[in-house]
Amino acid sequence: MTTARARLPRLRSRRSLRTVFALSFAAIAALVTILVGFLSYDAAARLVRVDQNRIFDGVVDDLVRQVEQQPLGPRDYYSSDPDHDGPRDELTRRMRTNVQILGPTGHIEDAGNPELPVRDEDRRASAHDRAGHREYYETAVAGDRYRIGTVSLGGGRGAVQIAQQFSDTDDLLADLQQRTVVLTGAVIAGAGLVGWWLARRITRRLVRLTGVAEDVAASRRLDLEVPVAGRDEVGRLGRALDDMLGRLADSEELQRRLVQDAGHELRTPLTSLRTNAALLRRIDDLPEEARAELITDMENETRELTDLVNELVSLAAGQHDTEEPVEVSLSEAVEKAAALARRRTGRDITVHADDTTVLARPAALHRAISNLLENAAKFDFEGTEPIEIVVAGPRVEVQDRGPGIADADLPRVFDRFYRADTARSLPGSGLGLAIVHAVATSHGGTTYAHHRPGGGTTIGFTLATPTGQSLPAQDNLPPANM
């Protein structure tokens, strides 16, 4: 099995696409040329034979009319006529024929050139009483084939033999056949060369693309240059391959950065848990207050670690969400998320929503709105004014009266694991707003954050998916900012 598989690539490499194109082109050209050549030759041969037979029959008919219109004897057809204006000359003007004159008993009175055989049917015609009686047959004379027509002169006076040589016609057809074969061979050879040239032009860019793909597979490098010339299917393939490599490179970079950031964020709670676990070995030596503090600290660290892992899984799964989009009322979705946030945080949340229906994935949309509300409650934990959530068209934003966000931190609030210096002492993983960004982009929208007039922050997202439009494909979504 292994040997057979090893031989398969070698066999395929020997029979390249260029060779297949060239051989196919030559085979089609050969088939068409042979068919056309055969039909042309057959038609030409039929025409030549029919024409020769028609002329011969016409000469015999002329001879019949001559002997029927006037009584003629053998001497009237002798070849010794010095004026060449006799009835014999009228017969030989239309075609080169061999004429031989027979007497009453069928004997030769004026031999043809070459001399024609005299058969029983010729003797019967010579002794026939009716002028114009004819006999036809084919025979060989001096190695050549002849068609002979014998016409009676009537009254038992003799007969005239007219012979048509087939060899001339056969020579003409043989020459035509030879020329057809030579022309067919030349056309096939030319078609093979043209097919090879055309196949080389067609497959040249495909060969280059194949080389790039093989180099990528061998070296695992995604930064190789891809030829994208042309506007045809090969050019489109090159651009698609280049775009695919670019996306793979971006995905690989994002994956690498995600692993690094996740490892960095997981290191802190894991280090704290390991330290506390070491203290558990001598928990009996600790005072009661220290024991309670240790257990509480471990519970908090475990909870933070669990929340971080859950958010990582949620963020990763969101890139390939299989939830089907349906029509969703934004006002109803916001009311549900606000009710849940009120129970969790105990904060007063005010909703200002118009009646807007969008095509969205309900669970993902609910997660995004909930993250905005929980983020506002976390950073405005000492606030007394209500948190406001506004829906205006396909736009959802949350407004708080917290301490606000520094100007330097605003562009990065949707980055994964990013936490401002003022927020590092607060619980959280730095993934909540990154999930909001991923949900917004998966619905063709954007995210934004800015200072709220009078103090506080406004953070929101837009959905570019009103009812009647379709969502972008999940595999083509832009990734959340890192």
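Residues numbered from 1 in each chain as written. Predicted model: local features only at pLDDT ≥ 70, side-chain atom pairs only at ≥ 80, totals over all residues. Heavy atoms only, no water.

Asks: An account of the sheet that holds strand 3 (residues 134–141) is requested, with residue identities and associated values reported.
Replies: A sheet is described by the order of its strands in space; here five strands give the open sequence 2-1-5-4-3, paired in antiparallel fashion. Either end of the sheet is taken by a strand with one partner, and the two such strands are strand 2 (108–110) and strand 3. Within this sheet the neighbouring strands show an average axis-to-axis angle of 30°, counted without direction. One ladder, built from two bridges, connects strand 1 (residues 98–102) with strand 2; its direction is antiparallel. Note that in strand 2 the partner of Leu102 across the bridge is Ile108. (Pairing = 2+ DSSP bridges. Helix = DSSP H or I, 4+ residues; strand = E, 2+ residues; numbered from the N terminus. Axes fitted to C-alpha atoms, helices over the stretch in contact; angles between N-to-C directions.)

Asks: Please give an account of the packing of aromatic side chains that cites residues and values.
Replies: Applying the stated criterion to the full structure yields one aromatic pair. Over the ring of Tyr137 we find Arg119; its NZ or CZ atom is 4.2 Å from the centre of that ring. (Phe/Tyr/Trp six-rings, centres within 6.5 Å; stacked < 30°, edge-to-face > 60°. Lys NZ or Arg CZ within 6 Å of the ring centre and 35° of its normal.)

Asks: Pulling in residues and values, what's your account of helix 8 (residues 330–345)?
Replies: If you check helix 8, its first and last C-alpha atoms are 22 Å apart, about what 16 residues at 1.5 Å a residue would give, namely 22 Å. Along helix 8, the residues that are buried comprise Leu330, Ser331, Ala333, Val334, Ala337, Ala338 and Ala341. Along helix 8, the residues classed as buried sweep out an arc of 155° about the axis, all on the same side. In this structure, helix 8 carries Glu332, Lys336 and Arg343 as exposed residues pointing more than 90 degrees from its buried face. Check the buried side of helix 8 and you find it contacts strand 6 (326–329), strand 7 (349–353), strand 8 (357–360), helix 9 (362–379), strand 9 (387–391) and strand 10 (395–400). Where helix 8 terminates, the next one or two residues include Gly346, which has phi positive at roughly 75°. (Expected span 1.5 Å × (residues − 1). Buried < 20%, exposed > 50% of the residue type's maximum accessible area, 1.4 Å probe, protein only. Arc of directions from axis to C-beta. Contact = heavy atoms within 4.5 Å.)

Asks: Run through the pairing of strand 5 (residues 159–165), naming residues and quoting values.
Replies: Here strand 5 lies mainly inside the structure; seven of its seven residues are buried. In strand 5, alternate side chains face the same way, and those of Ala159, Gln161, Ala163 and Gln165 on one face and Val160, Ile162 and Gln164 on the other are all buried. Relative to strand 5, strand 1 runs antiparallel, the two sharing five bridges. Among the inter-strand pairings, Val99 is bridged to a residue of strand 5, identified as Ile162. Here strand 4 (residues 144–152) pairs with strand 5 via seven bridges, running antiparallel.

Asks: Which residues make up the packing of helix 9 against helix 10 (residues 432–442), and what values do they have?
Replies: Between helix 9 and helix 10, the shortest axis-to-axis distance is 9 Å and the interhelical angle comes to 145°. As helix 9 packs across helix 10, the resulting crossing turns out to be left-handed. Along its contact with helix 9, which presents Ala364, Leu365, Arg367, Ala368, Asn371, Leu372 and Asn375, the element helix 10 presents Gly432, Leu433, Ile435, Val436 and Val439. (Left-handed = near helix turned anticlockwise from the far one by under 90°.)

Asks: Please set out the confidence of the model for the protein residue by residue, giving values where relevant.
Replies: Detailed reading of the predicted model is not advised wherever pLDDT is low. When pLDDT is averaged along the protein, the result is 77; 79% of the residues meet or exceed 70. With pLDDT under 50 throughout, residues 1–14 is counted as low confidence; its partners more than four residues away or in other chains account for zero contacts. This stretch, residues 470–482, has a pLDDT under 50; its non-local contacts, to residues over four places away or in other chains, come to 43 contacts. (pLDDT = per-residue confidence, 0-100.)

Asks: Describe the sheet that holds strand 12 (residues 457–462), and please don't skip the residues or the numbers.
Replies: Strand order in the open sheet made by the five strands is 7-9-10-12-11, with mixed pairing throughout. A strand with exactly one partner marks an edge of an open sheet, and here the two such strands are strand 7 and strand 11 (447–451). Neighbour to neighbour, the strand axes of the sheet diverge by 15° on average, direction disregarded. Along the sheet, helix 10 contacts strand 11 and strand 12; its crossing angle with strand 12, the most-contacted strand, is approximately 30°.

Asks: Can you explain the pattern of salt bridges? Please cite residues and give values.
Replies: A full pass over the atoms with the stated rule returns nine salt bridges. In this structure, Arg65 engages Asp62 in a salt bridge whose closest nitrogen and oxygen atoms are separated by 2.1 Å. One end of the pair is Arg65 and the other is Asp62, both in helix 2 (residues 17–69) and three residues apart, which spans about a single turn. Look at Asp62 and you get buried, because its relative accessible area is 18%. Here Arg145 and Glu138 are joined by a salt bridge, their closest N and O atoms 3.8 Å apart. (Salt bridge = Lys/Arg side-chain N within 4 Å of Asp/Glu carboxyl O.)

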